[in-house]
Amino acid sequence: MKIMTWNVNSIRSRLEHLLQVLKDDQPDVVLLQELKALEEQVPIEEIETLGYNIAIWGQKTFNGVAIFSKYPLEDIQRGIPENDEDSQARYIEAVTNGVRVASVYVPNGEAPGTDKYAYKLKFLDLLTRHAQTLLSYDEKFVMGGDYNVAPQDLDVYDPKSWHEKILCSTPEREHLRRLLYLGFTDALRDLYPDEENLYTWWDYRGVSWPSNKGLRIDHLFLSPQAADVLKNCEVNKGPRGWEKASDHAPVWCELKL
DNA sequence: ATGACGTGAGTATCACGA
């Protein structure tokens, strides 16, 4: 079973790219972030034509997450449970083909010290608490998405210039590590522990993409039961080079069920 | 460098992202 995560930066602007990626890569499950659309604004017919069931938590203008699957989607949860105050569409979860999956869009955080940064850390705390519950189920669980945190300097093209900057600062890395150390496996880093230049996001500005100045901030976190059957994990850099690209590349992993 | 570039909202710029 192939599971892909991708921050599309507007599903309406990226529809043709999305359809092409679905045709080229044939993922069984797709975890999307930053739809920037309400559910009724998402053009679902063309996606359904490719054989996907769809669950969406949309929002006007900002955020928005979705799960597509070639298998039925059960137990759909919109938002992190027991987080009533969170009105931003940043989390959706479902069970499909016996695997629990979640699509996560962690807040950007703007800069350390800001209100948005505090909100980011709080979101990571709430996500960690919920993930702990899900891990207690002892099932195959894949939590993928745009975490907006580069876990280590190895995940950053120029660690000195990013030192204590947003996406790389110590508190957010500690929060991400606390989540990961509940028992998740970072699928890509597990298979390529020392690989440099392994990135998932490149700034639209300047020469970031052509000179591969990127960060690895999109991740697939696997429960132990999922990690036991992990066969492959790759960044698909192709779509980042297309005209009118998202600034994120899709990342996929393959589980041998 | 309060920069750059892209998207949505709305129709001139601004909020937001990373």
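Preceding this section is the structure that the text describes.
Residue numbers restart at each chain and count upward from 1, following the sequence in its written direction. Each chain takes a letter, starting from A, and each ligand takes a number, starting from 1, following the order in which they are written. Reporting in this predicted model follows two pLDDT cut-offs: at least 70 for local features of residues, and 80 or more for side-chain atom pairs to be given and counted; totals over whole chains, interfaces and linings ignore these cut-offs and use all residues. Hydrogens and waters are ignored; side-chain quantities use all the structure's heavy atoms.

### Digging into the environment of L257
For step 1, the next point in the chain: Strands are runs of DSSP state E lasting at least two residues, helices are runs of H or I lasting at least four, and both sets are numbered from the N terminus onward. Its location among the elements puts L257 in the segment after β14 (251-255).
For step 2, the next point in the chain: Separated by 170 residues in the primary sequence, L257 and S87 place their C-alpha atoms 35 Å from one another.
For step 3, the next point in the chain: Contact criterion: two residues are considered in contact whenever any of their non-hydrogen atoms come within 4.5 Å of each other. Not counting chain neighbours up to four residues away, the residues in contact with L257 comprise M1, N97, V99 and K140.

### As for the protein's contact with DNA strand B
For step 1, the next point in the chain: By convention in this text, a residue qualifies as near a molecule or strand provided that one of its non-hydrogen atoms is within 4 Å of it. Residues in contact with DNA strand B amount to 24 residues; listed here are only the nearest, S10, N108, N148, W201 and R205.
For step 2, the next point in the chain: By atom count, sugar and phosphate contribute 74% of the portion of DNA strand B lying within 4 Å of the protein.
For step 3, the next point in the chain: In the analysis that follows, any N or O atom pair within 3.5 Å is treated as a polar contact, provided that within protein one partner can donate a hydrogen and the other can accept it, and provided that, for residues neighboring in sequence, both atoms belong to side chains. In the environment of DNA strand B, a phosphate oxygen lies 3.2 Å from a nitrogen or oxygen atom belonging to the side chain of S13.
For step 4, the next point in the chain: At a separation of 3.2 Å, a phosphate oxygen of DNA strand B approaches a polar side-chain atom of D146.
For step 5, the next point in the chain: Residue polarity is assigned by list, with Asp, Glu, Lys and Arg as charged and Ala, Val, Leu, Ile, Met, Phe, Trp, Tyr, Cys and Pro as nonpolar; anything else, Gly included, falls into the polar class. Grouping the constituent residues of the surface near DNA strand B by class yields six nonpolar, eight polar and 10 charged.

### Brief notes about the environment of N7
For step 1, the next point in the chain: Mapped onto the elements of the fold, N7 is located in strand β1 (residues 2-7).
For step 2, the next point in the chain: Distance from N7 to L32, taken between C-alpha atoms, is 5.7 Å for residues 25 residues apart in sequence.
For step 3, the next point in the chain: With residues near it in sequence (within four places) discarded, N7 still touches Q33, E34, Y105, D146, D218, S246 and H248.
For step 4, the next point in the chain: A polar contact is formed between the side chain of N7 and the backbone nitrogen of N9, at a distance of 3.0 Å.
For step 5, the next point in the chain: At 2.9 Å, the side chain of N7 forms a polar contact with the side chain of D146.

None of this, on its own, says anything about what the molecule does.
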